[in-house]
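What the coordinates show
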Amino acid sequence: MRPSYPPPAPFVKASLRALVDRAIDALRTAGTLAQDTPIPAFVVERPKDRTHGDFSTNAAMVLAKAARTNPRALAQALVAALPPSDDVAKVEIAGPGFINFHLAPDSYGRELREIVARGSAYGRNDSGAGRTVGVEYVSANPTGPLHVGHGRAAAIGDCIARVLAANGWKVMREFYYNDAGAQIDNLARSVQARAVGKGPEDPGWPEDGYRGDYIVDVAQAYLRGATVEFEDHIVQGAKDPNDFDAIRRFAVAPRR
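These numbers come from a predicted model, not from an experiment.

Each value, and the rule that gives it
Residues numbered from 1 in each chain as written. Predicted model: local features only at pLDDT ≥ 70, side-chain atom pairs only at ≥ 80, totals over all residues. Heavy atoms only, no water. Pairing = 2+ DSSP bridges. Helix = DSSP H or I, 4+ residues; strand = E, 2+ residues; numbered from the N terminus. Phe/Tyr/Trp six-rings, centres within 6.5 Å; stacked < 30°, edge-to-face > 60°. Lys NZ or Arg CZ within 6 Å of the ring centre and 35° of its normal. Salt bridge = Lys/Arg side-chain N within 4 Å of Asp/Glu carboxyl O. Buried < 20%, exposed > 50% of the residue type's maximum accessible area, 1.4 Å probe, protein only.

**Describing the sheet that holds strand E2 (residues 55-57)**
Backbone-to-backbone hydrogen bonds pair the strands of a sheet. The strands run either parallel or antiparallel. Read from one edge of the open sheet, four strands run E1-E2-E4-E3, paired in antiparallel fashion. Edge positions in the sheet fall to strand E1 (44-45) and strand E3 (88-94), since each has one partner strand and no second. Here three bridges tie E2 to strand E4 (residues 98-103), and the two strands are oriented antiparallel to one another. For threonine 57, the partnering residue across the bridge sits in E4 and is isoleucine 99.

Here it is in structure tokens:
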């Protein structure tokens, strides 16, 4: 059963957006904006320069064309129409019409109290509504050794899956181990060539063969009759360099 989380208190960013929406409604009521003026999508985001405030919105700039007015003049009207908020200490207009918000110290305290009160449920919500999403990551192949990139992809993919789950999605995690196809045939041919003593510069080396030193290690392990165990399966090197199918099974077996 999917857990249900209590609705969180509005985040500051959402609260600021609501203030701007109410200011736009106030300008419509006052006749400064026509009732049928379309409202383009605007953003409330962190400014690159923090001296410009804690949050900034481009609402006046994207609305000015539809309102047929100057962006800065519209910004001044919006600021004048903003309802009071305990979260906001100061509002400024910058550049061509950006509206910059400086938060009051109490807004940080309120958010900290929310974090303490909600504990591990802080930030979790049901916005995903239990919908299913698939996250595929890592996709390590047996044609080469694992490297730091595989570990990085595993960490990033796991984080993405956890964030989606925290937002109410049903997350299906997919990890593909590619043990079929032309690449695997090339791997097996490369191991077989090494097993019979051939190198990448010798005649008869597979055209698309793998040249890494790890191929030598796999070939030597196969000829020794080494054993690979994974998921309750045991694959043992047959020691026969002419048994292509046995080489293929041994070459694709996951090694720790």
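**Some thoughts on the environment of tryptophan 169**
Here tryptophan 169 lies in the loop between helix H5 (148-166) and strand E6 (170-174). Along the sequence, tryptophan 169 and phenylalanine 11 sit 158 residues apart, while their C-alpha atoms lie 20 Å from each other.

**A few points about the packing of aromatic side chains**
Scanning the entire structure with this criterion turns up one aromatic pair. The ring of phenylalanine 42 is capped by arginine 17, whose NZ or CZ atom sits 4.1 Å from the centre of that ring. The cationic tip of arginine 46 hangs over the ring face of phenylalanine 55; the distance from NZ or CZ to the ring centre is 4.5 Å.

**Considering the pattern of salt bridges**
Applying the stated criterion across every chain, the model contains nine salt bridges. Among the salt bridges present, the one from aspartate 87 reaches arginine 110, with a minimum N-O distance of 3.1 Å. Linking aspartate 87 in the loop between helix H3 (71-81) and E3 with arginine 110 in helix H4 (residues 105-118), this pair joins segments that are 23 residues apart in sequence. Owing to a relative accessible area of 25%, arginine 110 belongs among the partly exposed residues under this scheme. Across the salt bridge formed by aspartate 185 and arginine 248, the nearest N and O atoms sit 3.0 Å from each other. Linking aspartate 185 in helix H6 (residues 182-195) with arginine 248 in helix H8 (residues 244-252), this pair joins segments that are 63 residues apart in sequence. For aspartate 185, a relative accessible area of 24% gives the class partly exposed.

**Thoughts on the environment of alanine 77**
You can see alanine 77 is positioned in helix H3. Spatially, the C-alpha atom of alanine 77 lies 24 Å from that of aspartate 49, the residues being 28 residues apart in sequence.

**Description of the pairing of E4**
A large share of E4 lies buried, amounting to five of its six residues. Relative to E4, E3 is paired through six bridges, and the arrangement is antiparallel. Bridging from a neighbouring strand, glutamate 92 pairs with asparagine 100 of E4. The antiparallel pairing of E3 with E4 creates a hairpin that spans three residues between the two strands, and glycine 95 there sits at a positive phi of about 55 degrees.

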